[in-house]
Amino acid sequence: LRQIVAEHARRKAVTSSGKTPPPVGTRLIREWHGKTYVVDIIEDGYFHNATTHKSLSEIARLITGARWSGPRFFGL
């Protein structure tokens, strides 16, 4: 029951941009300079390239080498 309540609260959460974050299990796909990148949203954050990350911005920085807003980079 606690897990259900926690997931419901997470889905109701609103990001600083005012948008609801995608639910756990969502897969984000982004092409950058001819290469496709896949990020899975997991309970503990974001899974990319066999590593868990705390933010999409961290992943966008690894991909681009520049400071990007992760949600903006992935089209959220």
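Chemist: I'm lost on a nonpolar patch on the surface in this one. Help?
Modeler: Judged by side-chain polarity, Leu1, Ile4 and Val5 come together as a nonpolar surface patch covering roughly 370 Å² of accessible area. Relative to the assigned elements, Val5 resides in helix H1 (residues 2-12).

Chemist: What should I look at first to understand the sheet that holds strand E1 (residues 27-32) in this one?
Modeler: The pairing of strands in a sheet happens through backbone hydrogen bonds and is either parallel or antiparallel. Reading across from one edge, E1-E2-E3-E4 is the order of the 4 strands in this open sheet, with antiparallel pairing throughout. Either end of the sheet is taken by a strand with one partner, and the two such strands are E1 and strand E4 (51-53). On average, each strand axis in the sheet is tilted by 30° relative to the strand beside it, whichever way the strands run. Looking at chain direction, strand E3 (residues 45-48) and E4 are connected through 3 bridges and run antiparallel. Each bridged residue has a counterpart across the sheet, and for Phe47 the counterpart in E4 is Thr52.

Chemist: I would appreciate a short explanation of unusual backbone geometry in the present structure.
Modeler: Generally, phi is negative for residues other than glycine and the peptide bonds are trans, each holding for most cases. For His33, which is not a glycine, the phi torsion comes out positive at approximately 50°. Of note, His33 is situated in the loop between E1 and strand E2 (35-42).

Chemist: Help me understand the pairing of E3 in this model?
Modeler: As a general feature of sheets, a regular strand has side chains that alternate between the two faces. The pairing of E2 with E3 spans 3 bridges and is classified as antiparallel. Residue pairing for E3: Ile42 is matched across the bridge by Gly45. Connecting E2 to the next strand, E3, in antiparallel fashion are 2 residues. In textbook terms, the turn of a hairpin is the stretch between consecutive antiparallel strands, and for E3 and E4 this stretch comprises 2 residues, one of which, Asn49, has a positive phi near 55°.

Chemist: Explain the packing of aromatic side chains to me, please; I cannot follow it from the model alone.
Modeler: For any two aromatic rings, the description comes down to two numbers: the centre-to-centre distance and the angle of the planes. Evaluated as defined, the whole model comprises 4 aromatic pairs. Between Trp32 and Trp68 the ring centres are 5.6 Å apart and the planes differ by 85°, which places this aromatic pair in the edge-to-face class. Of the two residues, Trp32 is situated in strand E1 and Trp68 in the loop between helix H2 (56-64) and helix H3 (70-73); the sequence distance between them amounts to 36 residues. For Trp68, a relative accessible area of 31% puts it in the partly exposed group. What links up through ring pairs into an aromatic cluster is the set Trp32, Trp68, Phe73 and Phe74. Positioned over the ring face of Phe73 is Arg30, at 4.2 Å from the centre of the ring.

Chemist: Sorry if this is basic, but what is going on with the side chain of His53 here?
Modeler: Within the secondary structure layout, His53 lies in strand E4. Classification of His53 as buried rests on a relative accessible area of 7%. Reaching out from His53, the side chain makes a polar contact with the side chain of Glu58 at a distance of 2.9 Å. Discounting chain neighbours no more than four positions away, the residues touching His53 are Asp44, Gly45, Tyr46, His48, Glu58, Ile59 and Leu62.

Procedures and definitions
- Residue numbers here run from 1 along each chain, matching the order of that chain's written sequence.
- Only residues with pLDDT of 70 or above have their local features reported here, since the model is predicted, and side-chain atom pairs are shown and tallied only from 80 upward, although totals for entire chains, interfaces and linings are computed over all residues.
- Neither water nor hydrogens contribute to the side-chain values; these are computed over all heavy atoms in the structure.
- Patch definition: residues with relative accessible area over 30% and no salt bridge; like charges joined within 9 Å; nonpolar side chains (Val, Leu, Ile, Met, Phe, Trp, Tyr) joined within 5 Å.
- All accessibility values rest on the Shrake-Rupley procedure with a 1.4 Å probe; residue burial counts only the protein chains present in the view.
- Salt bridge criterion: a side-chain nitrogen from Lys or Arg within 4 Å of a carboxyl oxygen from Asp or Glu.
- Under the scheme used here, helices are H or I runs from DSSP no shorter than 4 residues and strands are E runs no shorter than 2 residues, and both carry numbers assigned from the N terminus.
- At least two DSSP bridges between two strands are needed for those strands to be called paired.
- Fitting a line to C-alpha atoms yields each axis, with helices limited to the stretch in contact; the angle taken between N-to-C directions then spans 0 to 180 degrees.
- Each aromatic pair joins two rings of Phe, Tyr and Trp (for Trp, the six-membered one) with centres within 6.5 Å, and gets the label stacked for planes under 30 degrees apart, edge-to-face for over 60, and tilted for any other angle.
- Buried, partly exposed and exposed residues are distinguished by accessible area as a fraction of the type maximum, computed with a 1.4 Å probe on protein chains only: under 20%, between the cut-offs, and over 50%, respectively.
- Lysine and arginine charges are scored as sitting over a ring when NZ or CZ, respectively, is within 6 Å of the ring centre and within 35 degrees of the ring normal.
- Distance and chemistry together define a polar contact, namely a pair of N or O atoms within 3.5 Å, with one atom able to donate a hydrogen and the other to accept it when in protein, and with adjacent residues in sequence counting only for side-chain atoms on both sides.
- Here a residue-residue contact requires only that any non-hydrogen atoms of the pair lie within 4.5 Å.

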